[in-house]
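Chains, contacts and geometry: an overview
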Amino acid sequence: MEVNPSHVRLSGCGSRGCASGEAHKSRISWLNESVTQESDFVHGQTRHRELSDLLTTYRWEYYVLDAPTIPDVDFDVLMRELEHLESEYPQLVTPHSPTQQVGPPADTSFESVTHPSIMLSLDNAFSFDEVRSWHGRASNLVDDGALDESGFISEMKIDGLAVDLVYHNGLLVRAATRGDGRVGEDVTANIRTISVIPSRLNGDVPGTLEVRGEVYLPLEDFHQLNESLEELEKKPFANPRNAAAGSLRLKDPKVTATRRLSFLSHGLGLCEVPVATLGEAYEHLVSWGLPVSDRVYVAHNIDEVFPYIEQLGEDRHRLPLEIDGAVIKVNSLAMQTQMGATTRAPRWAIAYKFPPVEVTTKLLDIRVGVGRTGRVTPYAVMEPVKVAGSTVEMATLHNAVEVARKGVLIGDTVILRKAGDVIPEVLGPVVQNRTGGEKAFQMPTTCPECGSTLAEEKQGDVDLRCPNQRSCPAQVRERLIHLGSRQALDIEGLGEKAVDAIVSAGMVVDESEIFDLSAEKLLSSPFFTKKDIVNKDSTIPVLTTNGEKLLEQLQSAKTRPFARFLVALSIRHIGKGVAPTIAAHYPDIDALEEASLEDLSGIEGVGSILAESIRSWFEVDWHQNIVHRWKQAGAMVASATESGQLEQTLAGLTIVVTGSVPGFSRDAANEAVLARGGKTSSSVSKNTDLVVAGEGAGSKLDKATTLGIPIINSSEFAQLLDSGLW
Ligand code: IVH
């Protein structure tokens, strides 16, 4: 990819996670004014200061606030410009220049840790030519031909954050973030919650071992985390890296434990056993029980590196984690030492950064959608275009303020970006393609579905909402789709098309009537009707197979566990994450209705916002009607079987609970297992089926690991109670 300063101007504050769009926009236009052919030293000096200030701010936002205001690619462009400037005027290089720094200084809210050996960053290459140039420079640092004899390790550049793990005699004693490379933050307690990082190593281990690697959040968990944050109406993370960094730097390890962080090793610091190559080091790490990527490739010469990068680029969107390039490292550790490092990065490695995937397409329209909670969201309808492995024709524009900030008009050619596996995003218009026929978007003042006047929920909200919660067809439709979704009652036949048919035929006024659907009602829609031939002259309307199946599925959904009904009720902020915890304390809707605000907010993991939300939900008449009608239909009694017992999800299993499980005392956790037909034990043996390892789990966890007994963490406990071993 050619580095193009116009990226900076075009894309503006494109990042979904942009925390201060306006501020960034003004910084960018200020930047435009100074992007000129400045050749003399004074101008160079001014530009150097501007770039240094900008990059320092962006670094702070990225590393410390976990809220970048500029896409990575634009950061790289600015850094490149600074590097070029410094190569032209070496007298501008100071130890404070962003080109000389590895990251931000360590945050003072965690204990500072001086790393046993310095943690460096990587230099970047943006094209294969730049990789070849690096290879040329690197070859000159060693004997002729020696580099290719050593070979290269090619591996994924994981978009996470670097950590340093220190093991003494095989025991994890400390873990720290990279910080400024010399001093990082002590995040040992949080690192201990990451299940793939062993607290004790296997086999013959060196006295002291320093392992470097990347903590990351797998994409599936990133999406789930953002869903639950959105459920809580909290700001979602911009990308998996920020989510991982934010999660690792939480003050409460119990919360970090719920985030399902993962880790892959990518190097060694101190190591007291002789190792000749990086490949060999990785083999040792695996034998000691540390995770190493299975996509590490040993290339015998530089030419073998390129097909690897190309293949990785092709596979990138199918991987379960976000990567932003490939890293190429000299395999021989002796040669690495010989080649050394600059203040910032080793000379023996280079990061090849994938180009961002940006395309242009036509913005055909901006429409608005009404969501389950009535939020009215403008979205872009575009000419379908292939980007990063999938065809995109729609992208959210979030709200009217965002539309104005992006400056897009209907009819514009727009730039669409998909960085990695993240949601496609309209960056902005290609202004020079305008014909004059483009139209500005007007945010409607009334609901496009039911005509109610839109309003902010509270003063100053950027979002507008349709207040007709009970009967707005769009909201009823979205609630029904949610009710049938896999996270709620899992009713396969209640997909979008079926719900559309049910709502448009007026079969239900709201979800209170969903269990009253009958063959007769379904037959009022052509979607559920087919013609049965009685004889050659006459036919009668009968249910389609889908219609029949839907009735059967509705019948069996009536006995789903209570936690699923809790999700199905569309109570604000109650999603599949917290519902099992609530259901574990209140086994049915009557018990929940009786619960006081204090009791509810006292449950760990629930808190006052959710408690308020539950209480106020019960205060609405038509919500009460849902409860009444569902009970009348025999639904929502699922947790209790006919005999009044909880569903025996753990029958036949012997379970050991160790450490603390949020929301449960040790007795309560054991009782919850017993009440679901499981057996509990206070010690781990070969007869144990499963260990639930909460915060502070110790020797029982080690024994379970040695015996190879399945282990789940405390955040999975609620799901275990709900659905048994999945
Ligand atoms: S090696 C001295 N290998 O990229 C070598 N780093 O942009 C430094 N990263 O700070 C690290 N994947 O956080 C290495 N396979 C990989 C990596 C990797 C991601 C990160 C790491 C580093 C940053 C530099």
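Quick caveat, the model's predicted, so the values are computed rather than measured.

What follows covers the overall build of the protein chain. Secondary structure summary: the protein chain contains 27 helices and 23 strands in total. A compact globule built from 726 residues would reach a C-alpha radius of gyration of about 27 Å, and the protein chain, at 29 Å, matches this within 12%. Based on the C-alpha atoms only, the size of the protein chain along its principal axes is roughly 90 × 75 × 60 Å. With 726 residues in all, the protein chain has 51% of them scored as buried. For the protein chain, contacts bridging at least 24 residues in sequence account for 67% of all contacts bridging at least 6. Per element, the accessible surface of the protein chain, about 32,800 Å² overall, is 50% carbon and sulfur. Considering the protein chain, the positive charge centre built from 69 side chains and the negative charge centre built from 99 side chains are found 2 Å apart.

The subject of this paragraph is the packing of helix α8 (residues 219-231) against helix α9 (residues 240-248). Relative to each other, α8 and α9 sit at 75°, their axes nearing to 10 Å. With respect to each other, α8 and α9 are oriented roughly perpendicular. Across from Leu219, Phe222 and Leu225 in α8, the residues of α9 making contact are Pro240, Ala243 and Ser247. Residues that form the contact of α8 with α9 fall into these classes: five nonpolar, one polar and no charged.

We now examine the state of the cysteines. Applying the stated criterion to the full structure yields zero disulfides. Free cysteine Cys450: the closest other cysteine sulfur is in Cys466, separated by 3.6 Å. Judged by its relative accessible area of 28%, Cys450 falls in the partly exposed class. Residue classification places Cys466 among the buried positions, given a relative accessible area of 1%.

If you walk across this open sheet you meet the four strands as β21-β20-β22-β23, and the pairing is parallel. Each having just a single partner strand, β21 (679-680) and β23 (711-713) make up the two edges of the open sheet. As paired elements, strand β22 (residues 690-693) and β23 share three bridges and run parallel to each other. Counterpart to Val691 in the pairing with β23 is Ile711. Strand contacts of helix α26 (residues 699-707): β20 (654-658), β22 and β23, with the helix running at about 140° to β23, the strand carrying the most contacts.

Further remarks concern the site of the ligand. With respect to spatial proximity, 15 residues lie near the ligand, and among them Glu155, Lys157, Arg178, Glu214 and Lys329 are the closest. The separation between a nitrogen atom of the ligand and a polar side-chain atom of Glu155 is 2.7 Å. At 2.6 Å from an oxygen atom of the ligand is found a side-chain nitrogen or oxygen belonging to Arg178. Here the ligand, which alone exposes 520 Å², has 87% of that area covered by the protein. When residues of the shell around the ligand are traced back to their parent elements, those giving at least two are β3 (152-158) and β10 (323-330). Element by element, the count of residues in the shell around the ligand is highest for β3, at four residues.

Evaluated as defined, the whole model comprises eleven aromatic pairs. Each ring, one from Phe565 and one from Trp630, has its centre 5.8 Å from the other, and the planes form 65°; the classification is edge-to-face. With Phe565 in helix α19 (residues 562-568) and Trp630 in helix α24 (residues 621-632), this residue pair connects regions lying 65 residues apart in the sequence. Just as Phe565 is buried, Trp630 falls in that class too.

Taken as a whole, the protein chain shows an average pLDDT of 86; of its residues, 91% reach a score of 70 or greater. This model gives residues 1-38 a pLDDT under 50, and the stretch forms 83 contacts once residues within four places in sequence are excluded. Confidence drops under a pLDDT of 50 for residues 639-644, and excluding neighbours within four residues, the segment shows ten contacts in the predicted structure.

Locating Thr256 in the fold gives a position in helix α10 (residues 253-257). A relative accessible area of 1% means that Thr256 is categorised as buried. Other than its neighbours up to four places away in sequence, Thr256 contacts Asn190, Thr193, Ser247, Leu248, Leu250 and Leu261.

Next up on the list: the sheet that holds strand β11 (residues 349-353). Taken together, the five strands give an open sheet; going across it, the order is β2-β11-β10-β3-β9, and neighbouring strands pair in mixed fashion. Each of the sheet's edge strands pairs with one partner strand only, and the pair in question is β2 (124-125) and β9 (297-299). As judged from the two bridges shared by β2 and β11, these two strands associate in the parallel manner. The partner of Asn124 across the bridge, within β11, is Ala351. Strands in contact with helix α5 (residues 128-139) are β2, β3, β10 and β11; relative to β11, the strand with the most contacts, it is inclined by about 175°. Across the face of the sheet, helix α11 (residues 278-288) comes into contact with β3 and β10 while running at roughly 55° to β3.

Cut-off values and rules
Residues numbered from 1 in each chain as written. Predicted model: local features only at pLDDT ≥ 70, side-chain atom pairs only at ≥ 80, totals over all residues. Heavy atoms only, no water. Helix = DSSP H or I, 4+ residues; strand = E, 2+ residues; numbered from the N terminus. Rg over C-alpha atoms; globule rule 2.2 N^0.38 Å. Buried < 20%, exposed > 50% of the residue type's maximum accessible area, 1.4 Å probe, protein only. Contact = heavy atoms within 4.5 Å. Areas by Shrake-Rupley, 256 points an atom, 1.4 Å probe, with all protein chains shown as cover. Lys, Arg positive; Asp, Glu negative; His and termini not counted. Charge placed at Lys NZ, Arg CZ, Asp CG, Glu CD. Axes fitted to C-alpha atoms, helices over the stretch in contact; angles between N-to-C directions. Parallel < 35°, antiparallel > 145°, perpendicular 65-115°, else oblique. Nonpolar A, V, L, I, M, F, W, Y, C, P; charged D, E, K, R; others polar. Disulfide = S-S within 2.5 Å. Pairing = 2+ DSSP bridges. Near = heavy atom within 4 Å. Polar contact = N/O pair within 3.5 Å; in protein donor to acceptor, adjacent residues only side chain to side chain. Phe/Tyr/Trp six-rings, centres within 6.5 Å; stacked < 30°, edge-to-face > 60°. pLDDT = per-residue confidence, 0-100.

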